[in-house]
Amino acid sequence: MEEQIVGGQWQRRHVLTLSDFTDLEYEMAIQTAASFREVLTRRNRKVPALQGKVVANLFFEPSTRTRNSFELASKRLSADTVNFSPGHSSLSKGETILDTARTFWAMGTDLMIIRHRQAGVPQAIAREMDRMSQGKVGILNAGDGQHAHPTQALLDLFALCTHLNSADPHPKLLAGKKILIVGDILHSRVARSNIWSLKAAGADLHLVGPPTLLPKTFATYGVPLHWQLDDALPGTDFIMTLRLQQERMEGHLLPSLREYHQQYGMTRDRLQRCHPNVKILHPGPVNRGVELSSDLMEDAALSLIEQQVTSGVAVRMALLYLMGGGRLPD
Ligand code: NCD
């Protein structure tokens, strides 16, 4: 296993965004995740790679998948994990976010996983930890506001690559594949991170959504924009649907959920207009019957949603391992 993983040196201390990820970093993340995916199929699904290290999950915003996936990944690597949720913490007693981070640092935390509703919080904590710990603490962004969600995009990349070649997943397998990101792009940190990774992989990436949720400013990413889903479907290999982030919508950006489903919802009819092997993805949680019809979600021949969740654990193990300077036994 070690042989497959080593081959470059991981330099990045914090993973806050994918905007400056290099091809080598994508490659290492995917290859390392592939090795851990193999570990996860063994009878003993645990490796001692981060034994003695402390991983803190600092989730200032609710989460099901991401939080549990990180926790499981840390445990599979034999790290000690500590969890924080704002409701049960001193935040309610007026403590600042940076004070919270300093408290976890003082307990000997090596890696902090941060989710916050405000963009920039993981970066601010990274700056503070660099100042205090002389670069000994690594920060992983688990989603900040509408800004970035790097591990979601990496797990999407891993799910897509393993779907195309399970024995040898590789980002460049996506070169030239037509991928649509559909829906509430405006409020989506997942879309913003996916744009970086899918462009880096050389995919033929298109953004689709209603004008209120896909403003023209997204053209600066250098990818085609479509306001009519049906025009974008022909030849599509993968459709990444996004949740309508109603909690982030101020004012009336949509006439109704029914209308949205009619115009932008994925249905079997629409899939018929794509490439014959088309597959659907969704980061979850899904609004059933809105972004995609309920039956499509459960159709294993068409949906990669479960593979995304499974990929999440392997990809997060990979990043924690690489950032934590993990060692594997001979
Ligand atoms: C996403 C998130 O929180 O940004 N979900 C996730 O991490 N699985 C997307 C969403 O909430 O719609």
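About the cut-offs
Residues numbered from 1 in each chain as written. Predicted model: local features only at pLDDT ≥ 70, side-chain atom pairs only at ≥ 80, totals over all residues. Heavy atoms only, no water. Pairing = 2+ DSSP bridges. Helix = DSSP H or I, 4+ residues; strand = E, 2+ residues; numbered from the N terminus. Contact = heavy atoms within 4.5 Å. Axes fitted to C-alpha atoms, helices over the stretch in contact; angles between N-to-C directions. Near = heavy atom within 4 Å. Polar contact = N/O pair within 3.5 Å; in protein donor to acceptor, adjacent residues only side chain to side chain. 1 Å grid on protein atoms, 1.4 Å probe; cavity = no way out; pocket = protein on both sides within 12 Å on 5 of 7 lines; lining within 4 Å. Sits in = over half its atoms within 2 Å of the grid points. Nonpolar A, V, L, I, M, F, W, Y, C, P; charged D, E, K, R; others polar. Domains from an automatic or database assignment. Points joined across faces, edges and corners; volume = space filled by probe spheres on them. Buried < 20%, exposed > 50% of the residue type's maximum accessible area, 1.4 Å probe, protein only. Buried area = accessible area lost by both parts, 1.4 Å probe. Salt bridge = Lys/Arg side-chain N within 4 Å of Asp/Glu carboxyl O. Right-handed = clockwise from strand over helix to strand, strands pointing away.

Asks: Residues and numbers for the sheet that holds strand β6 (residues 204-208), please.
Replies: Sheet architecture is open: five strands sit in the order β7-β6-β5-β8-β9, paired in parallel fashion. In this open sheet, the two strands that pair with only one neighbour each are β7 (225-226) and β9 (279-281). Along the sheet face, helix α6 (residues 150-164) touches β5 (178-182), β8 (238-241) and β9 and points at about 155° away from the line of β8.

Asks: I'd like a description of the site of the ligand, backed by residues and values.
Replies: The ligand sits among Arg65, Thr66, Arg115, His149, Gln152, Arg189, Val190, Arg243, Gln245, Pro283, Gly284 and Pro285. Within the side chain of Arg189, an N or O atom sits 2.7 Å from an oxygen atom of the ligand. Placement of the ligand is best described as lying within the largest pocket. When residues of the shell around the ligand are traced back to their parent elements, those giving at least two are α3 (65-76) and α7 (189-200). Looking at the shell around the ligand residue by residue, the classes come out as three nonpolar, five polar and four charged. In this structure, the shell around the ligand is formed jointly by two domains, domain 1 (2-148 + 312-323) and domain 2 (150-309), each of which donates at least three residues.

Asks: I'd like to hear about the layout of surface pockets, residue by residue, with values.
Replies: The method is simple in principle: a probe with the dimensions of a water molecule rolls over the atoms, and the space it marks as empty is what remains. Empty space within the largest pocket amounts to approximately 610 Å³. Forming the boundary of the largest pocket are 26 residues, of which Glu61, Arg189, Arg243, Glu247 and Arg248 lie nearest the centre. Elements that contribute at least two residues to the lining of the largest pocket include exactly α3 and α7. Here the residues of the lining of the largest pocket sort into six nonpolar, eleven polar and nine charged. Split by domain, the lining of the largest pocket shows at least three residues from each of two domains, domain 1 (2-148 + 312-323) and domain 2 (150-309).

Asks: Run through the side chain of Glu25, naming residues and quoting values.
Replies: Position of Glu25 relative to the elements: it lies in helix α2 (residues 23-40). Exposure remark for Glu25: the relative accessible area of 9% places this residue in the buried category. In this view, Glu25 contacts Trp10, Arg12 and Asp20; residues no more than four positions away in its chain are not counted.

Asks: An account of the domain arrangement of the protein is requested, with residue identities and associated values reported.
Replies: Once the domains are mapped, the protein shows domain 1 (2-148 + 312-323) and domain 2 (150-309). The gap between the C-alpha centroids of domain 1 and domain 2 is 25 Å. Each partner contributes residues to the interface: domain 1 has 32 residues there, and domain 2 has 29 residues. Contact between domain 1 and domain 2 buries roughly 2500 Å² in total, counting both sides, with carbon and sulfur atoms accounting for 63%. Scanning the region where domain 1 abuts domain 2 turns up two salt bridges. A salt bridge links Arg189 to Glu61; the shortest N-O distance between them is 2.8 Å. Here domain 1 is connected to domain 2 by eight residue pairs in polar contact (both at pLDDT 80 or more).

Asks: Report on the pairing of β6, specifying residues and quantitative values.
Replies: Judged by how many residues are buried, β6 sits mostly within the fold: four of five residues are covered. Where β5 meets β6, five bridges bridge the pair, whose relative direction is parallel. Bridge pairing in β6 links Lys178 to Asp204. Between β5 and its parallel partner β6, the chain crosses via α7, and the hand of that crossover is right-handed. Pairing analysis gives two bridges linking β6 to β7, with the strands arranged parallel. The residue of β7 that forms the bridge with Val208 is His226.

Asks: Describe unusual backbone geometry, with residues and values.
Replies: Outside of glycine, negative phi angles account for most residues, and trans bonds account for most peptide bonds. In the segment running from Gly284 into Pro285, the intervening peptide bond is cis, with an omega of -5°. The residue Pro285 is located in the loop between β9 and α11 (294-297) in this model. Although it is not a glycine, Ser78 sits at a positive phi angle of roughly 70°. Located in the positive-phi region is Gln134, a residue other than glycine, with phi close to 50°. Structurally, Gln134 is set in the loop between α5 (121-133) and β4 (138-144). Among the residues examined, Gln134 registers a relative accessible area of 62% and is labelled exposed.

Asks: Could you give me a rundown of empty space enclosed by the protein, with the residues and numbers involved?
Replies: One pass over the full model with this rule turns up one cavity of 30 Å³ or more. Reported here for the largest cavity is a volume of approximately 40 Å³. Every residue lining the largest cavity is listed: Asp156, Ile181, Val190, Asn194, Met240, Thr241, Leu242, Leu281, His282, Pro283 and Gln308. Among the secondary structure elements, those contributing two or more residues to the lining of the largest cavity are α7 and β8. Residues that form the lining of the largest cavity fall into these classes: six nonpolar, four polar and one charged.

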